[in-house]
Amino acid sequence: EDGLVSTLGIVTGVAAALATNNIIIIAGLANMIAAGLSMAAGTYLSAKSQLEFFAKGKQKKNIRKTPFEGAVVIFFSFALGAAFPVAPYFFLSSTAAIPYSALATAAALFFFGAVKTRYTRVSLLKSGLEMMLIGLAVGAVGYLIGSLV
């Protein structure tokens, strides 16, 4: 979700500022890598701290993944999500790509919101729509900021 939403906000904002596709793609890919690495580093440090905490105490906690494995999963999950809003800019002009970027992101957000119901047991439609609408609102803010700039 983070990769989808933050990247949609960035690429729509840069596109709304009338940037060229090359700039939009560079901004989207830079976000994909920098934010993905940031999320991976945070996951690594958090999992490592958790392991250290439980190793010092008498409490035992079964952590399935190593800090490195968790970091790798988070990075690639973020990058996969970020690919949806960036992809249309490889094939279409910046103004033409905006709705396709939003649509691809909306579809992915709805899908992941719906999949989440497997674990939460809430309404598939409600969960999918909630994730989709919140994500699209962030994209709209990015577009508005880019338009104002």
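Above this text sits the structure in question.
Read on for a plain summary of the structure. (Residues numbered from 1 in each chain as written. Predicted model: local features only at pLDDT ≥ 70, side-chain atom pairs only at ≥ 80, totals over all residues. Heavy atoms only, no water.)

**Considerations on the packing of helix α4 (residues 94–120) against helix α5 (residues 124–148)**
Piece 1. Where α4 meets α5, the closest approach of the two axes is 7 Å, and the angle between their N-to-C directions is 145°. For the pair α4 and α5, the crossing hand works out as right-handed. Counted together, Ile98, Ala102, Ala106, Leu109, Phe110, Phe112, Gly113, Ala114, Lys116 and Thr117 of α4 and Leu124, Leu125, Ser127, Gly128, Leu129, Glu130, Met131, Met132, Gly135, Leu136 and Tyr143 of α5 form the full contact between these two elements.
Piece 2. Broken down by class, the residue content of the contact of α4 with α5 amounts to 14 nonpolar, 5 polar and 2 charged. (Axes fitted to C-alpha atoms, helices over the stretch in contact; angles between N-to-C directions. Helix = DSSP H or I, 4+ residues; strand = E, 2+ residues; numbered from the N terminus. Left-handed = near helix turned anticlockwise from the far one by under 90°. Contact = heavy atoms within 4.5 Å. Nonpolar A, V, L, I, M, F, W, Y, C, P; charged D, E, K, R; others polar.)

**What about the packing of aromatic side chains?**
Piece 1. In total, this model carries 3 aromatic pairs according to the counting rule given.
Piece 2. A centroid spacing of 5.2 Å and a plane angle of 80° characterise the contact between Phe75 and Phe76, whose relative ring orientation is edge-to-face.
Piece 3. Classification of Phe75 by relative accessible area gives buried; the value is 18%.
Piece 4. Taking relative accessible area as the criterion, Phe76 reaches 56% and is therefore assigned exposed. (Phe/Tyr/Trp six-rings, centres within 6.5 Å; stacked < 30°, edge-to-face > 60°. Buried < 20%, exposed > 50% of the residue type's maximum accessible area, 1.4 Å probe, protein only.)

**Structural notes on helix α1 (residues 2–16)**
Residues spaced three or four apart along an α-helix face the same direction, because each turn holds 3.6 residues.
Piece 1. Taking 1.5 Å per residue, 15 residues should reach 21 Å; α1 reaches 21 Å between its end C-alpha atoms and fits that length.
Piece 2. Counting buried residues along α1, 11 of its 15 residues qualify, which places the element largely inside the surrounding structure.
Piece 3. When α1 is considered as a whole, its buried residues turn out to be Gly3, Leu4, Val5, Thr7, Leu8, Gly9, Val11, Thr12, Gly13, Ala15 and Ala16.
Piece 4. Elements in contact with the buried residues of α1: α2 (21–56), α3 (67–86), α4 and α5.
Piece 5. Following α1 by one or two positions, Leu18 has its phi on the positive side, about 65°. (Expected span 1.5 Å × (residues − 1).)

**Things to note about the pattern of salt bridges**
Piece 1. Per the stated rule, a full pass over the model turns up 1 salt bridge.
Piece 2. With its nearest N and O atoms 2.8 Å apart, the salt bridge here joins Lys48 to Glu52. Here Lys48 and its partner Glu52 are both found in helix α2, 4 residues apart, which amounts to about one turn of the helix. (Salt bridge = Lys/Arg side-chain N within 4 Å of Asp/Glu carboxyl O.)

**Here's the deal with unusual backbone geometry**
Piece 1. The phi angle at Leu18 is positive, at roughly 65°, despite the residue not being glycine.
Piece 2. Mapped onto the fold, Leu18 is located in the loop between α1 and α2.
Piece 3. Unusually for a residue other than glycine, Arg121 sits at a positive phi of about 60°.
Piece 4. Locating Arg121 in the fold gives a position in the loop between α4 and α5.

**A few points about the nonpolar core**
Piece 1. The biggest cluster of nonpolar side chains holds 9 residues, and these are Val11, Ala15, Ala19, Ile24, Ile25, Val86, Tyr89, Ala97 and Ile98.
Piece 2. Secondary structure elements with two or more residues in this core: α1, α2 and α4.
Piece 3. With 7 residues, the next largest nonpolar core counts Leu4, Val5, Leu109 and Met132 among its residues. (Core = buried A, V, L, I, M, F, W, Y, C linked by side-chain atoms within 4.5 Å.)

**Some points on the environment of Gly128**
Piece 1. Examined against the element boundaries, Gly128 turns out to sit in helix α5.
Piece 2. Separated by 21 residues in the primary sequence, Gly128 and Ala107 have C-alpha atoms spaced 9.2 Å apart.
Piece 3. Once residues lying within four places of it in the same chain are set aside, the contact partners of Gly128 are Leu109, Phe110, Gly113 and Ala114.

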